[in-house]
Amino acid sequence: MNQLEILRFALRGLLANKMRSSLTTLGILIGVAAVIMLVAVGEGSSQSIQRNIQRLGANTLTISPQFSGGGGGGMRAPGGGANTGPRTQARQLSLADAKALTDKTLAPSVRSVSPVVTASSSTATYGAASHAISQFVGTYPSYFEAVNKPVTKGTYFFNDDVLAARKVVVLGQTVVEELFGTVDPIGKQVSVSGVPFTVVGVLKETGSTGMQDADDVAIAPLPAVQQSLSGFGSLNSIVVQASGAETTTAAQAEVTAVLNQRHGVKNDNADYRILNQATLQETVSAATGTFTVLLGAVAAISLLVGGIGITNIMLVTVTERTREIGIRKAIGAPRSAILGQFLLEATMLSLVGGLSGVLVAFIGTRFTVAGLEPVLVPSSVALALGVSVGIGLFFGSYPANRAAKLRPIQALRHE
């Protein structure tokens, strides 16, 4: 019996029980589609987080105050050791701290330093339109490059604007849409908490980052915001840009040394923390990679269930066709032909189910899932399809071997 005849018998056996074959195929379809879709969702989540981090710049350090000491606060010092001393209020970051970090002798790896104050929930009005800006930032012009916020219309403000404390502002896309609609905002004057600011630029749209709209922002010169909105107190943060991605670690060490000296920090009991975007990106990449693998592993359980379904269906098929097997063996069909036929049937069920699952998953990745855009991973498609075929061979081998071992006389007696 040649291979073509074995294939013909296998197809005839599958078509003779279409409903049963469809149910078996459905189990594999669901398993393959689940694996590919969950891996795609995990990859989409990973890429989304990476993009959000990259928006801040891979060579950026963000310094913010924190409580010094452990005391249940759960904070960690920049060196990574847990704080264990009594918990005391942090010494606030000051403009003098920011200026000290610009010293090229003490911090040669630092390209720029941007002190930052924020005035949250500032209400801006233009004509009859009003909008509560979620974040009104006061800073220096270097901030735009450090946190990767390019201007798509108009221009930034300049150092002269900072020195003169001019009330000029660069707006995010959300603020522009809420206040101006289709009107060109450049040169227009908006009132922020009763203080007039002239719009000089519009930021390029960046989109939402989780629950926060990154475009609901306004950025103005630091002294103008301090005079009008936040007062001349401490800084909310200091954004430091390293001279390059490869010098970020060196820049962090230099910044730590300068601030430790200025704040009198001893025993790694710092009253500030430094967020290194490059380190954060590496950590997130590792975490999301593990998460994606976990999702795929959970989904693979459904493939295993589909394989058990193949075993059950094929055992029923062998039982129903025992007499047919006996006739074929009685007229000379070799054991290998019987074995090959039932293995081929099981493999074809898995293959059809696997290909259908790939198609369903491909369609599924065209839609947004839980606010994320799934990203199809080619390796997951190949792996899921390969595993589905392997499952057909593995779980179909027992029923096929059982059919091949039947003795003709016993098979012919079967009712």
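Above this text you will find the structure in question.
The residue count restarts for each chain, going from 1 along the sequence in the order it is written. Local features are withheld for residues below a pLDDT of 70 in this predicted model, meaning they are given only at 70 or higher, and side-chain atom pairs are given and counted only at 80 or more; totals for whole chains, interfaces and linings count all residues. Side-chain numbers come from the whole structure's heavy atoms, not from hydrogens or water.

**Q** How do you make sense of the pattern of salt bridges when you look at a structure like this?
**A** Oppositely charged side chains may form a pair once their charged atoms are brought near each other. Here, a salt bridge means any Lys or Arg side-chain nitrogen found within 4 Å of an Asp or Glu carboxyl oxygen. According to the stated counting rule, one finds 3 salt bridges in the structure shown. One salt bridge connects Asp 97 with Arg 262, and the closest N-O pair in it is separated by 2.5 Å. Pair noted here: Asp 97 is in helix α3 (residues 95–100) and Arg 262 is in helix α8 (residues 248–263), with a separation of 165 residues, a long-range link. By definition, any uninterrupted DSSP run of H or I lasting at least four residues is a helix, any uninterrupted run of E lasting at least two residues is a strand, and each is numbered from the N terminus.

**Q** Is there a simple way to explain the packing of aromatic side chains in this structure?
**A** Two descriptors summarise a pair of aromatic rings, namely the distance from one centre to the other and the angle between the planes of the rings. Pairing of aromatic rings covers Phe, Tyr and Trp, the last counted by its six-membered ring, and requires centre-to-centre distances within 6.5 Å; plane angles under 30 degrees mean stacked, over 60 mean edge-to-face, and any other angle means tilted. Taken as a whole, this structure holds 4 aromatic pairs when the rule is applied. A ring pair is formed by Tyr 126 and Phe 180, whose centres lie 4.4 Å apart and whose planes are at 40°; its orientation type is tilted. On the criterion of sequence distance, the pair formed by Tyr 126 in strand β3 (residues 122–126) and Phe 180 in helix α6 (residues 173–180) is long-range, its members being 54 residues apart. Whether a residue is buried, partly exposed or exposed follows from its accessible area with a 1.4 Å probe, protein chains only, as a fraction of its type maximum: under 20%, in between, or over 50%, in that order. Classification of Tyr 126 as partly exposed rests on a relative accessible area of 25%. A residue is classified by how much of its surface remains accessible, and Phe 180, at 5% relative accessible area, is buried. With 5.3 Å between their ring centres and 70° between their planes, Phe 144 and Phe 157 make a pair best called edge-to-face. Here Phe 144 is found in helix α4 (residues 142–146), whereas its partner Phe 157 is found in the loop between β6 (151–154) and α5 (159–163), with 13 residues between them in sequence. For the pair Phe 144 and Phe 157, a shared accessibility class is recorded, and that class is buried. What links up through ring pairs into an aromatic cluster is the set Phe 144, Tyr 156 and Phe 157. In this structure, Arg 366 packs its charged tip against the face of Phe 362, placed 4.6 Å from the ring centre. We count a charge as sitting over a ring when the NZ of a lysine or the CZ of an arginine lies within 6 Å of the ring centre and within 35 degrees of the ring normal.

**Q** It is not clear to me how the pairing of strand β2 (residues 110–119) should be interpreted in this structure. Could you clarify?
**A** Within a regular strand, side chains alternate between the sheet's two faces. Of all 10 residues making up β2, 8 are buried, and the element is well covered by its neighbours. Two strands pair if DSSP finds at least two bridges between them. As paired elements, β2 and strand β13 (residues 237–242) share 6 bridges and run antiparallel to each other. Of the residues in β13, the one forming a bridge with Ser 114 is Val 239. With 3 bridges joining them, β2 and strand β5 (residues 135–139) adopt antiparallel strand pairing. Residue pairing in the sheet places Thr 118 in a bridge with Val 137 of β5.

**Q** Would you mind showing me how to read the pairing of strand β12 (residues 217–221) here?
**A** Counting buried positions along β12 gives 5 out of 5 residues, so the element sits mostly inside the fold. Bridging between β5 and β12 involves 5 bridges; their strand directions are parallel. Bridged to Thr 139 within β12 is Pro 221.

**Q** What am I meant to see in the nonpolar core here?
**A** Burial of nonpolar side chains together is a common tendency in soluble globular proteins. Grouped together as the largest cluster of nonpolar side chains are 44 residues, with contacts concentrated most on Ile 63 and Phe 136. Working rule for contacts: check all heavy atoms of both residues, and any pair within 4.5 Å makes them a contact. With residues near it in sequence (within four places) discarded, Phe 136 still touches Val 117, Thr 118, Ala 119, Ser 122, Val 169, Val 192, Phe 197, Ala 218, Ala 220, Val 225 and Leu 229. To define a nonpolar core, start from buried Ala, Val, Leu, Ile, Met, Phe, Trp, Tyr and Cys residues and group those joined through side-chain atoms within 4.5 Å. Of all hydrophobic cores here, the second largest spans 24 residues; its members include Ile 310, Val 381, Ala 384 and Ile 391.

**Q** Even after reading the chapter, I still don't get the environment of Ala 297, so can you show me in this structure?
**A** Within the secondary structure layout, Ala 297 lies in helix α9 (residues 277–320). We classify Ala 297 as partly exposed; its relative accessible area is 43%. Distance in space between the C-alpha atoms of Ala 297 and Val 35 is 7.7 Å, their sequence separation being 262 residues.

**Q** Explain unusual backbone geometry here, please?
**A** The phi dihedral of Asn 148 falls on the positive side, at around 60°, and the residue is not glycine. Position of Asn 148 among the secondary structure elements: in the loop between α4 and β6. For Asn 148, a relative accessible area of 40% translates into the label partly exposed. Here the phi dihedral of Ala 165 falls at roughly 55°; this positive angle occurs in a residue that is not glycine.

These figures come from the coordinates and say nothing about function on their own.
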